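Chains, contacts and geometry: an overview
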Amino acid sequence: MVTSVRQTVVDTIGVLDLQGDVAEHLDHLERLGIAAVRVKESSDLANLAGLIIPGGESTCLSRLLSIFGIRDRLLQEFQLGLKLWGTCAGAILLASKIVGEPSFLALIDIEIQRNAFGSQLDSFVSEALLPRVAPDPIPLTFIRAPKITRVGRGVDVLLQQDDYIAAAESPGVLVTVFHPELTPSLAFHRYFALKCGLTPFMSEASTLIDSPWDSRSWTRYTRL
Ligand code: GLN
């Protein structure tokens, strides 16, 4: 049981490795010089500065988190200062309200609607300027994404688009409905590392990696 404030130096970010896109997050963190580990069981959550809950399928992820006993340990570590970033399905798991369904972790006061753009075939790429995250526009990949439809007190909107919010944060939790790990931009991983109190290699002006990313298609990303 976790009872006291953590004693050891925490300089590592974990990526939840139950289902979804894990390797891409690890790759982005490593390119920033941030130590990154896979989190497969509850003991892997010890002494992390932050945890990324990746995109995938939120119902599947929630079941696996409960079955493997990771959910309760995650809630404990959050109380002790673990920072969290949920991308897409991860954001759904962190939301305090999921339209039409019970919430799961409920660690950030947002309302979110699953599959709000339509089917998998309605996935798309775009780009947007998020001045708090990077000085240049950031490429965005939306894959059967949810929409954040409301944020509560203590939650800042990082990106508002048309009728929905695409990125938001509280002091302890970052949520994005898109997938920065599926683009050549390291800007969001850099931003999360800073939120975790870590020091990434790159400056905010140079977070684009050389990659064969095709900005016209969300299906054509290839890692180098
Ligand atoms: N549609 C998925 C869900 O509701 C999320 C998709 C994603 O993570 N790219 O869980």
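Residues numbered from 1 in each chain as written. Predicted model: local features only at pLDDT ≥ 70, side-chain atom pairs only at ≥ 80, totals over all residues. Heavy atoms only, no water.

Another aspect to go through is the site of the ligand. In the neighbourhood of the ligand, the contacting residues comprise Gly55, Gly56, Glu57, Ser58, Cys88, Ala89, Ile92, Arg114, Asn115, Ile143, Arg144 and His179. Between the ligand and His179, the relevant distance is 2.9 Å, taken from a nitrogen atom to a side-chain nitrogen or oxygen of the residue. Relative to its unbound accessible area of 300 Å², the ligand is 94% covered by the protein chains. Structurally, the ligand is housed in the largest pocket. Class assignment of the residues belonging to the shell around the ligand gives a composition of 4 nonpolar, 5 polar and 3 charged. (Near = heavy atom within 4 Å. Polar contact = N/O pair within 3.5 Å; in protein donor to acceptor, adjacent residues only side chain to side chain. Areas by Shrake-Rupley, 256 points an atom, 1.4 Å probe, with all protein chains shown as cover. 1 Å grid on protein atoms, 1.4 Å probe; cavity = no way out; pocket = protein on both sides within 12 Å on 5 of 7 lines; lining within 4 Å. Sits in = over half its atoms within 2 Å of the grid points. Nonpolar A, V, L, I, M, F, W, Y, C, P; charged D, E, K, R; others polar.)

Our next topic: the pattern of salt bridges. Evaluated as defined, the whole model comprises 12 salt bridges. In this structure, Glu169 engages Arg132 in a salt bridge whose closest nitrogen and oxygen atoms are separated by 2.7 Å. Residue Glu169 is located in strand β11 (residues 164–169), and its partner Arg132 is located in the loop between β7 (124–128) and β8 (138–142); the two are separated by 37 residues in the primary sequence. According to the relative accessible area criterion, Arg132 is partly exposed, its value standing at 45%. Salt-bridge contacts for Asp163 lead to Lys147; the nearest nitrogen and oxygen are separated by 3.3 Å. One end of the pair, Asp163, is in the loop between β10 (156–161) and β11; the other, Lys147, is in strand β9 (residues 147–151), and 16 residues separate them in sequence. (Salt bridge = Lys/Arg side-chain N within 4 Å of Asp/Glu carboxyl O. Helix = DSSP H or I, 4+ residues; strand = E, 2+ residues; numbered from the N terminus. Buried < 20%, exposed > 50% of the residue type's maximum accessible area, 1.4 Å probe, protein only.)

Before going further, it helps to spend a moment on the layout of surface pockets. Here the largest pocket is characterised by a volume of approximately 300 Å³. Lining the largest pocket are 16 residues, and of these Gly56, Glu57, Gln120, Ile143 and Arg144 sit closest to its centre. A class-by-class count of the residues in the lining of the largest pocket yields 6 nonpolar, 6 polar and 4 charged. (Points joined across faces, edges and corners; volume = space filled by probe spheres on them.)

Scored by pLDDT, the protein has a mean of 90; 88% of the residues are at 70 or more. In the model, residues 220–224 has pLDDT below 50 throughout and makes 18 contacts with residues more than four positions away in sequence or in other chains. (pLDDT = per-residue confidence, 0-100. Contact = heavy atoms within 4.5 Å.)

Here Ala49 lies in the loop between β2 (35–39) and β3 (50–53). On the basis of relative accessibility, which here comes to 6%, the residue Ala49 falls in the buried class. Separated by 146 residues in sequence, Ala49 and Lys195 have C-alpha atoms that sit 9.3 Å apart. Other than its neighbours up to four places away in sequence, Ala49 contacts Val10, Thr12, Gly81, Leu82, Lys83, Cys196 and Leu198.

Here is a general trend for soluble globular proteins: nonpolar side chains tend to be buried in one another's company. The biggest cluster of nonpolar side chains holds 70 residues, and the ones touching the most others in it are Leu51 and Phe188. Once residues within four sequence positions are removed from consideration, Phe188 is found in contact with Trp85, Leu130, Val133, Ile138, Leu158, Ala167, Leu174, Thr176, Phe178 and Pro180. (Core = buried A, V, L, I, M, F, W, Y, C linked by side-chain atoms within 4.5 Å.)

Right, let's get into the packing of aromatic side chains. On inspection of all chains with the given rule, the structure shows 9 aromatic pairs. An aromatic cluster is defined as three or more aromatic residues linked by ring pairs; in this entry it consists of Trp85, Phe117, Phe124, Phe142, Tyr164, Phe178, Phe188 and Phe192. It is Arg71 that lies over the ring of Phe104; its NZ or CZ is 5.1 Å from the centre. In this structure, Lys147 packs its charged tip against the face of Phe117, placed 5.0 Å from the ring centre. (Phe/Tyr/Trp six-rings, centres within 6.5 Å; stacked < 30°, edge-to-face > 60°. Lys NZ or Arg CZ within 6 Å of the ring centre and 35° of its normal.)

Bringing helix α3 (residues 70–79) into the picture now. Listing the buried residues of α3 in full gives Ile70, Leu74, Glu77 and Phe78. Considered in projection along α3, the buried side chains sweep an arc of 105° and stay on one side of the axis. Of the exposed residues in α3, those oriented more than 90 degrees away from the buried face are Asp72 and Gln79. Tucked into the core, α3 has its buried residues touching β1 (12–16), β3, α2 (58–67), β4 (83–87) and β12 (173–176). Residue Gly81 follows α3 closely and has a positive phi angle near 120°. (Arc of directions from axis to C-beta.)

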